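# Fold and contact review
Listed here are the chains, written in short residue letters.
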Amino acid sequence: MTQAVYTYLQENRDNLLKKLKEFLAIPSISTDRTYKKKVLQAGHFIADYLKDIGFKQVEIKETGGHPLVYGEWLEAKGAPTALFYGHYDVQPADPYELWDSDPFSPEIRDGRLFARGASDDKGQVFMHLAVFEAFMKTEGKLPINVKIIIEGEEEIGSENLYPFLAENQNMLTADFALISDSGMVEKGQPTMLYGLKGFTGLEVTVQGPNRDLHSGLYGGAVKNPVMALSHLIASLKHENEQVAVAGFYDGVEALKEEERQLMNEAPIEDYVKTTGVPTTVPEEGYTVNEHIMARPTLEINGLYGGYQGEGTKTIIPSSATAKITCRLVPGQDPTVIQDLIIQHLKARAPKGVTLDVKPEPLSAKAYKVDPDHPLIQKAADSLAKAFNKETVFVRLGGSIPVVEQLDQLFKIPVVLLGFGTPEDNLHSPNESFPLDHYDKGLDVLINFYKEVAH
C-alpha cells in the first residue's frame, strides 16, 4: 500500500512545489515588527494546510509575540506518537542587492529552489506536511500518531515557545520528538545527527578613565583598557587550543574509541579551501572532526575599543569590550561555565581598571542520544535507502536550544532528521534547497514513518 504514497507524491510533485512556493513567498520575518501580519499569515498557511490534510485538531496558539501552530492526529491505535517541531519564521533577507533573484519570489534554477526559508526551515517543514497529505489522500490515515508544533519565533530566540512547552506538557506528551531543521555533511551524503553542542556566552567590558585621554599626557599614569582586555583575553586559551579556565573541562566525558571512529568516518570539509586559512588548528590530541563535534570551545566573537577610523588618533581609550561565546558538550552546565569564566577574568583584572561582565541570558545545554537507539537506526536506514549510500553519524558543532528543552521537559529521544546541504546559504543571500534532497527526503520520511509504526 505504501507504493501509492510514493506515487501520489510523484504525480503531484508540481502542485506540491507550487504550494511550497506560496509558503516561501510569505515574508515571515519575525525580527521586524513591520512584518507582523506576514508572520501571522505564514502561521495560518500551516494551520489551513493541516486542516486540508485532515487534521481535526488544529489551533493557532497566541503568545506574547508571534503565534504557535498546534495540530494533532491521534487515530493510529497502538502506534507510537511523534512530536514534530519546526518553525515558519525566517531571517531578514538583507542585503537584497546580493540576491540573484527576489528572496520572496521563489525560483528554481540549477536544480535548486531559491528563496528565503527554502532550507531554514519552511522547505523542510513542508516536506513533512506533503508526506502527511500523501498518506491521508491514499491510505486515509497516518501510520503513527502525530502532534505538531510549529513556531514563529525561532529566529529570535523562541522566547514564547519554552513557557508554552512547560505549561502544556500533558497535551504534548509523545514517545519521541522529530525535527528537520538541520542538514547533511555534504550534498548527497545521508547524515544522522545524534548530538548538538550547548551554548553560553558573556560580554566583558574593561573600564578605565571616564573619557578618552591624550596618550602623551597620560601614558604611563593611566592603565590602557584595550591593553588590559587583550591580556585578559589572551589568558583564556593556551596555544594548543585548550581553554585555560580552571574547571572548564570538569564533567566532560572522555571520547570512546568507537565514537572517535564514527566521527572520523564522516567526510571532512576542506577548511583551507573553503575558508582561506593556511591550516586547521584543532585541540591538541584531537582531529578536526572530533574537536568540532565533541569537544567544547571558547571563541572571541568581537573585540572593540578606542579609535577605529583612518589614520592615527593618539589616545588612551576609556573602555574596551569583548564578546565571548562557548559551545559546550554533555557534562557542562552553561551557568557554571559562565561563572568560571567570570572568576577567571576577575582574578586577573589588573589595577587601574574595573571589570563589568554581562552573562548571555540565552543559554542551552548540549544534547546527545545513543547512535544505536532503535529510532536513530531506523532514521539512518531510511536515509541510506533513499540516497543509496551508507549513512554517516555526526554530532553538530552548533546548537538548537529547543532540543535541550524537549529533552529536559519530556525525557524522550529527539530524532534530528535534516536534509539541508552546506551550500544552502542559511541566513545569507541566495538561500536555496536542492530539489533532489527534497525528492529523496520525501522518500526518507515515508519510510521512516512506516518503520516507526512497527
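The model shown is predicted, which means the values in this text are computed figures rather than measured ones.

A few words on the overall build of the protein chain. In terms of regular secondary structure, the protein chain is built from 15 helices and 18 strands. The C-alpha radius of gyration of the protein chain comes to 24 Å, within 12% of the 22 Å expected for a compact globule of 454 residues. By its C-alpha atoms, the protein chain is 85 × 50 × 45 Å across when sized along the principal axes. Taking all 454 residues of the protein chain together, 51% fall into the buried category. Across the protein chain, every contact between residues at least 6 apart in sequence was considered, and the portion connecting residues at least 24 apart equals 79%. Accessible area of the protein chain: about 20500 Å², with a carbon and sulfur share of 48%. Seen as two clouds, the 44 positive and the 64 negative side-chain charges of the protein chain have centres 3 Å apart.

By size, the foremost hydrophobic cluster in this structure holds 103 residues, and its most contacted members are Val402, Val415 and Leu417. Setting aside its immediate chain neighbours within four residues, valine 415 contacts Phe176, Ala177, Leu178, Ile179, Met192, Leu375, Ile376, Ala379 and Phe448. Within the second largest apolar cluster, 24 residues are counted, among which are Phe248, Ala322, Ile324 and Ile337.

The next point concerns the sheet that holds strand E13 (residues 319-328). One open sheet holds the four strands; their spatial order is E11-E13-E9-E14, and the pairing between them is antiparallel. Of all the strands in the sheet, the pair left with one neighbour each is strand E11 (297-304) and strand E14 (354-359). With direction set aside, neighbouring strand axes in the sheet form an average angle of 20°. Packing against the sheet, helix H8 (residues 225-234) makes contact with strand E9 (198-207), E11, E13 and E14, and its axis sits at approximately 20° to E13. In the packing of helix H12 (residues 334-348) onto the sheet, the strands contacted are E9, E11, E13 and E14, and the crossing angle to E9 comes to about 25°.

Okay, the pattern of salt bridges next. Going through the model one piece at a time under the given rule, you end up with 19 salt bridges. Of the charged contacts in the structure, one is a salt bridge between glutamate 423 and arginine 112, with a shortest N-O distance of 3.8 Å. Placement of the pair is glutamate 423 in the loop between strand E17 (414-416) and strand E18 (432-434) and arginine 112 in strand E5 (residues 112-114), with a sequence separation of 311 residues. The exposure class assigned to glutamate 423 is partly exposed, which follows from its relative accessible area of 43%. Taking the relative accessible area as the measure of exposure, arginine 112 reaches 12% and is therefore buried. By sharing partners, the salt bridges in this structure join Glu253, Glu259, Lys368 and Arg395 into a single network.

Here we come to the environment of leucine 229. Mapped onto the elements, leucine 229 comes out in helix H8. Along the primary structure leucine 229 and glutamine 207 are separated by 22 residues, whereas in three dimensions their C-alpha atoms are 9.5 Å apart. Leaving out residues up to four positions away in the same chain, leucine 229 has contacts with Val204, Val206, Leu303, Ala320, Thr321 and Ala322.

Let us now look at helix H15 (residues 435-453). Since the α-helix packs 3.6 residues into each turn, any two residues three or four apart lie on the same face. Its 19 residues place the ends of H15 27 Å apart at the C-alpha level, agreeing with the 27 Å of an ideal helix rising 1.5 Å per residue. Burial in H15 covers these residues: Leu435, His437, Tyr438, Gly441, Leu442, Val444, Leu445, Ile446, Asn447, Phe448, Tyr449 and Val452.

Structurally, serine 382 can be placed in helix H13 (residues 374-387). Beyond its immediate stretch of four places on either side in the chain, serine 382 contacts Val444, Asn447 and Phe448.

On inspection of all chains with the given rule, the structure shows eight aromatic pairs. The interplanar angle of 50° and the centroid separation of 5.9 Å between the aromatic rings of phenylalanine 55 and phenylalanine 132 together place this pair among those described as tilted. Of this pair, phenylalanine 55 sits in the loop between helix H3 (36-53) and strand E1 (57-61) while phenylalanine 132 is found in helix H4 (residues 122-138), placing the two residues 77 residues apart along the sequence. Neither residue differs from the other here; phenylalanine 55 and phenylalanine 132 are each classed as buried. On the basis of an interplanar angle of 55° and a centroid distance of 6.1 Å, the ring pair of phenylalanine 448 and tyrosine 449 is categorised as tilted. Taken together, Phe55, Phe132, Phe176, Phe448 and Tyr449 form an aromatic cluster joined through their ring pairs. For lysine 122, the ring lying beneath its charged end belongs to phenylalanine 23, and the centroid distance is 5.0 Å.

Looking now at the side chain of asparagine 145. Here asparagine 145 is to be found in strand E6 (residues 145-151). On the accessibility criterion, asparagine 145 (6% relative accessible area) is buried. A polar contact of 2.8 Å, which involves the side chain of asparagine 145, links it to the backbone nitrogen of alanine 76. Reaching out from asparagine 145, the side chain makes a polar contact with the backbone oxygen of alanine 79 at a distance of 3.1 Å. Setting aside residues up to four positions removed in sequence, asparagine 145 forms contacts with Trp73, Leu74, Glu75, Ala76, Ala79, Pro80, Thr81 and Ala82.

Pairing is antiparallel in the open sheet, where three strands are placed in the order E4-E5-E18. Sheet topology places strand E4 (107-109) and E18 at the edges, where each strand pairs with a single neighbour. Each adjacent strand pair in this sheet contributes to an overall mean axis angle of 25°, direction not counted. Here E5 pairs with E18 via three bridges, running antiparallel. Paired with arginine 112 across the bridge in E18 is proline 434.

Scoring rules and cut-offs
Residues numbered from 1 in each chain as written. Predicted model: local features only at pLDDT ≥ 70, side-chain atom pairs only at ≥ 80, totals over all residues. Heavy atoms only, no water. Helix = DSSP H or I, 4+ residues; strand = E, 2+ residues; numbered from the N terminus. Rg over C-alpha atoms; globule rule 2.2 N^0.38 Å. Buried < 20%, exposed > 50% of the residue type's maximum accessible area, 1.4 Å probe, protein only. Contact = heavy atoms within 4.5 Å. Areas by Shrake-Rupley, 256 points an atom, 1.4 Å probe, with all protein chains shown as cover. Lys, Arg positive; Asp, Glu negative; His and termini not counted. Charge placed at Lys NZ, Arg CZ, Asp CG, Glu CD. Core = buried A, V, L, I, M, F, W, Y, C linked by side-chain atoms within 4.5 Å. Pairing = 2+ DSSP bridges. Axes fitted to C-alpha atoms, helices over the stretch in contact; angles between N-to-C directions. Salt bridge = Lys/Arg side-chain N within 4 Å of Asp/Glu carboxyl O. Expected span 1.5 Å × (residues − 1). Phe/Tyr/Trp six-rings, centres within 6.5 Å; stacked < 30°, edge-to-face > 60°. Lys NZ or Arg CZ within 6 Å of the ring centre and 35° of its normal. Polar contact = N/O pair within 3.5 Å; in protein donor to acceptor, adjacent residues only side chain to side chain.

Distances and angles like these do not, on their own, reveal function.
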